[in-house]
Amino acid sequence: GLTQTHMETILQNEKRRVVANQLFGYSLGHVYNDLTATAWFTYLLFFLKEIVKVDEKTACKFALTIDMQHLQELADGIATPTVGYFSDKINSPIGKRTPWYIFGTLLVLPTFFCTFSKCYFCSWKYPDVDFEDFKTVCPGLLAFYYVLFPSLFNVGWASVQISNMSTVIQITNS
């Protein structure tokens, strides 16, 4: 049979394996998060230039420069600590982190769809104008649309990401 020493050795080896698997899983999840964010911004430029048909300068302005990037970073900069703070302080009937997952997911789904679709604001205001002509008919509304939805997406993304990273710490400590 197994002696006490053999059992302790087996348990220690099992704990090491679980810790190694957890570390691999957490790191893989975070790398996946960063790859997804990179793909998001790369495809956004392509979408704006090739589908929305804005010129390269405007596409870069929407996606990378002061107008859009700062608003997105501002949204993310406010959402991240807010979600972190409230997910630590508020305990709901479904847990501390789950409400933030739900909120973030429900916000990400429509904002992702709207970001990679035609400008619905322009369509509603100018129903007889073709999609390709929005850039000349309503450039301000087009810019607002493609700044608003990625910024809201960042709030939802931060909600899911922060609650996920908080859960990782909870699981690891328990």
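Quick note: structure is the one above.
Given the structure is predicted, the values throughout are model-derived calculations rather than measurements.

1. Remarks on the overall build of the protein
Here is step 1 of the chain: Of the regular secondary structure elements, the protein holds seven helices and zero strands.
Here is step 2 of the chain: Put simply, the protein runs from its N terminus to its C terminus through helices and strands in the order α-α-α-α-α-α-α.
Here is step 3 of the chain: Expressed as a percentage of the 174 residues in the protein, the buried residues total 29%.
Here is step 4 of the chain: In the protein, of all internal contacts separated by at least 6 residues, the share reaching a separation of at least 24 is 68%.
Here is step 5 of the chain: For the protein, the computed accessible surface area is about 11,000 Å², with 67% contributed by carbon and sulfur atoms.

2. A word on a nonpolar patch on the surface
Here is step 1 of the chain: Residues Tyr43, Phe46 and Ile51 make up a contiguous nonpolar surface patch of about 280 Å² in total accessible area.
Here is step 2 of the chain: Within the element layout of this structure, Tyr43 appears in helix H1 (residues 4–51).

3. Thoughts on the packing of aromatic side chains
Two descriptors summarise a pair of aromatic rings, namely the distance from one centre to the other and the angle between the planes of the rings.
Here is step 1 of the chain: Tallied over the full model, the rule gives 18 aromatic pairs.
Here is step 2 of the chain: Residues Tyr43 and Phe46 carry aromatic rings whose centres are separated by 5.7 Å and whose planes lie at 35° to one another, so their mutual orientation is tilted. Taken together, the residues span about one helical turn, with Tyr43 and Phe46 both in helix H1 at a distance of three residues.
Here is step 3 of the chain: Looking at Tyr43, the relative accessible area reads 39%, which means it is partly exposed.
Here is step 4 of the chain: When its relative accessible area of 45% is taken as the criterion, Phe46 is described as partly exposed.
Here is step 5 of the chain: Taking the centre distance of 5.4 Å and the plane angle of 80° together, the rings of Phe47 and Phe116 count as edge-to-face. In this pair, Phe47 is assigned in helix H1 and Phe116 in the loop between helix H4 (98–115) and helix H5 (120–125), connecting sequence segments 69 residues apart. For the residue pair Phe47 and Phe116, the accessibility class agrees, reading buried in each case.

4. Description of the environment of Gly84
Here is step 1 of the chain: Considering the arrangement of structural elements, one finds Gly84 in helix H3 (residues 66–89).
Here is step 2 of the chain: Along the backbone, Gly84 and Gln161 are 77 residues apart, and their C-alpha atoms lie at a distance of 9.8 Å.

5. Some points on the pattern of salt bridges
Here is step 1 of the chain: The full count for this structure, using the stated rule, is two salt bridges.
Here is step 2 of the chain: Between Lys49 and Glu50 there is a salt bridge whose closest N-O contact spans 2.9 Å.
Here is step 3 of the chain: Residue classification places Lys49 among the partly exposed residues on the basis of a relative accessible area of 31%.
Here is step 4 of the chain: For Glu50, a relative accessible area of 31% corresponds to the partly exposed category.
Here is step 5 of the chain: Between Asp88 and Arg97 there is a salt bridge, with its nearest N and O atoms 3.1 Å apart.
Here is step 6 of the chain: Residue classification places Arg97 among the buried residues on the basis of a relative accessible area of 9%.

Conventions we followed
- Residues numbered from 1 in each chain as written.
- Predicted model: local features only at pLDDT ≥ 70, side-chain atom pairs only at ≥ 80, totals over all residues.
- Heavy atoms only, no water.
- Helix = DSSP H or I, 4+ residues; strand = E, 2+ residues; numbered from the N terminus.
- Buried < 20%, exposed > 50% of the residue type's maximum accessible area, 1.4 Å probe, protein only.
- Contact = heavy atoms within 4.5 Å.
- Areas by Shrake-Rupley, 256 points an atom, 1.4 Å probe, with all protein chains shown as cover.
- Patch = residues over 30% accessible without salt bridge, like charges linked within 9 Å, V, L, I, M, F, W, Y side chains within 5 Å.
- Salt bridge = Lys/Arg side-chain N within 4 Å of Asp/Glu carboxyl O.
- Phe/Tyr/Trp six-rings, centres within 6.5 Å; stacked < 30°, edge-to-face > 60°.

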